[in-house]
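Inside the fold
This is what each chain is made of:
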Amino acid sequence: MQLRYQFRVYPTPGQQIELARAFGCARVVFNDGLRLRQEAREQGLPYVSDAELSKQVITQAKATSERAWLGEVSAVVLQQALADLNTAYRNFFASVTGKRKGRKVAPPRFRSRKDNRQAIRFTRNSRFKVLHNGRLRLPKIGDLDVRWSRSLPSDPSSVAIIRDAAGRYYASFVVQTAEDETLPPVESEVGIDLGLTHFAVLSDGTKVAAPKFLRRAAGKLKRLQQALSRKQKGSANRKKAVVKVARAHARVADTRRDWQHKLSTAIVRENQAIYVENLCVAGLGRTRLAKSVHDAGWASFTGMLEYKAARYGRTFGRVDRFFPSTRMCSDCGRVNEKMALNVRAWACPCGSHHDRDVNAARNVRAAGQADLNDRGARVRPPAMVAPRSEAVTHPDAACSTRSVEGISVL
């Protein structure tokens, strides 16, 4: 499988100028291509093909005095900018026609030099190289100093240079795993119930407290944002204050990501199968609990579990978000009435006493086993005998034109 390895790089002042020029040229090519296609659509002309777009926006543009400076950067950077535009259009068309599943994708938008994140990409055609001394050689930029925290498993197929809102530079390599990394099989399987009081509750009873990184840094962020609001717009001090706020938020994001990586790796190593609920994070982010939901970072955590399970030969499954894991008794399968959020423990008429979160995690595990492994685990109430009045066909019943499977019988 393909993996992405990201390392911090420290360009010199001269290299920062060259990178800024490359960021700007890639942004201009992207915007020129987007503008050309929008104008063709407004005038009723045919859709501009990828090859024609590259010819007009890059090859012919370099011959003009207005875009002659495009030749100062690597041509691969400009081609990859157009590749990003083409991918954005294909995703948009696939979303409109229904071929792409999930949320609707908006059409591509113009890039701005004021965007918090700037990035360029080099492929093998650009002949970038990792030198023996650990430096990264990029065409028309030079040798960048890289802080290697681990070695790459194979030769990278591409590298992206990223500048984030805090002014930090990263090199993101795309590599192919060199060998089979399947872990030895284990017997345990786990269901995970995600929450706010406890970040994760496992079906074995383990509870992981929510670290609440954003809440803990709220005081410092408040002071920095207040200082930013007092700075005059357009001043140099305001730009410095913006960077300070961005660095504080980056520290929160980095700490959360590091903690989630360690937790997800431990869970994948200790369990053969992992099952989680398919939560609608976007919907929960529009409620009064939005700040806490985004602080928890459920989507990124489940994404880590999914790709690490695939990498190490584990099983990963998502349970339907409408599955009543909280209200169902994990012992008898009875589905009880809805309960308020402040009810943390409850008793079933069958005599079982449940911790709300542990019971939900056990139900998630049972549902995942039934859906993916076909083990016949009970995940819903047992079947009951229908009353005779419902089990017979009445003479005056209206005839349906569709069968049970939804296929017309006429």
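To keep things clear, this report deals only with the structure shown in the data block. Remember, predicted model here, so these are calculated numbers, not experimental data.

**Thoughts on the pairing of strand β11 (residues 273-277)**
Extensive coverage of β11 is indicated by the burial of five of its five residues. Here β11 shows a buried face lined by Ala 273, Tyr 275 and Glu 277 and a second buried face lined by Ile 274 and Val 276. With four bridges connecting them, strand β8 (residues 189-194) and β11 associate as parallel partners. Bridge pairing links Glu 189 to Ala 273 in β11.

**Notes on the packing of helix α5 (residues 218-229) against helix α6 (residues 236-270)**
Running from amino to carboxyl end, α5 crosses α6 at an angle of 160°, the nearest separation of the two axes being 9 Å. Here α5 is positioned roughly antiparallel relative to α6, judged by the angle of their axes. For the element pair α5 and α6, the recorded crossing hand is left-handed. For the pair α5 and α6, the contacting residues are Leu 221, Leu 224, Gln 225 and Leu 228 in the first and Arg 238, Ala 241, Val 242, Lys 244, Val 245, Ala 248 and His 249 in the second. Of the residues assigned to the contact of α5 with α6, the class counts are seven nonpolar, two polar and two charged.

**Overview of the packing of aromatic side chains**
Counted by the stated rule, this structure contains 10 aromatic pairs. Relative to Phe 93, the ring of Phe 92 lies with its centre 5.7 Å away and its plane at 45°, an arrangement referred to as tilted. Residue class for Phe 93 comes out partly exposed when judged on its relative accessible area of 37%. An angle of 75° between the planes, with centres 5.0 Å apart, marks the rings of Phe 199 and Phe 301 as edge-to-face. Pair noted here: Phe 199 is in strand β9 (residues 198-202) and Phe 301 is in helix α9 (residues 298-311), with a separation of 102 residues, a long-range link. Classification of Phe 199 by relative accessible area gives buried; the value is 1%. Members of the aromatic cluster, connected to one another through ring pairs, are Tyr 47, Tyr 89, Phe 92 and Phe 93. The aromatic ring of Phe 30 is capped on one face by Arg 111, whose charged end is 4.0 Å from the ring centroid. Taking NZ or CZ as reference, Arg 269 lies 5.5 Å from the ring centre of Tyr 312, over its face.

Calculation notes
Residues numbered from 1 in each chain as written. Predicted model: local features only at pLDDT ≥ 70, side-chain atom pairs only at ≥ 80, totals over all residues. Heavy atoms only, no water. Buried < 20%, exposed > 50% of the residue type's maximum accessible area, 1.4 Å probe, protein only. Helix = DSSP H or I, 4+ residues; strand = E, 2+ residues; numbered from the N terminus. Pairing = 2+ DSSP bridges. Axes fitted to C-alpha atoms, helices over the stretch in contact; angles between N-to-C directions. Parallel < 35°, antiparallel > 145°, perpendicular 65-115°, else oblique. Left-handed = near helix turned anticlockwise from the far one by under 90°. Contact = heavy atoms within 4.5 Å. Nonpolar A, V, L, I, M, F, W, Y, C, P; charged D, E, K, R; others polar. Phe/Tyr/Trp six-rings, centres within 6.5 Å; stacked < 30°, edge-to-face > 60°. Lys NZ or Arg CZ within 6 Å of the ring centre and 35° of its normal.

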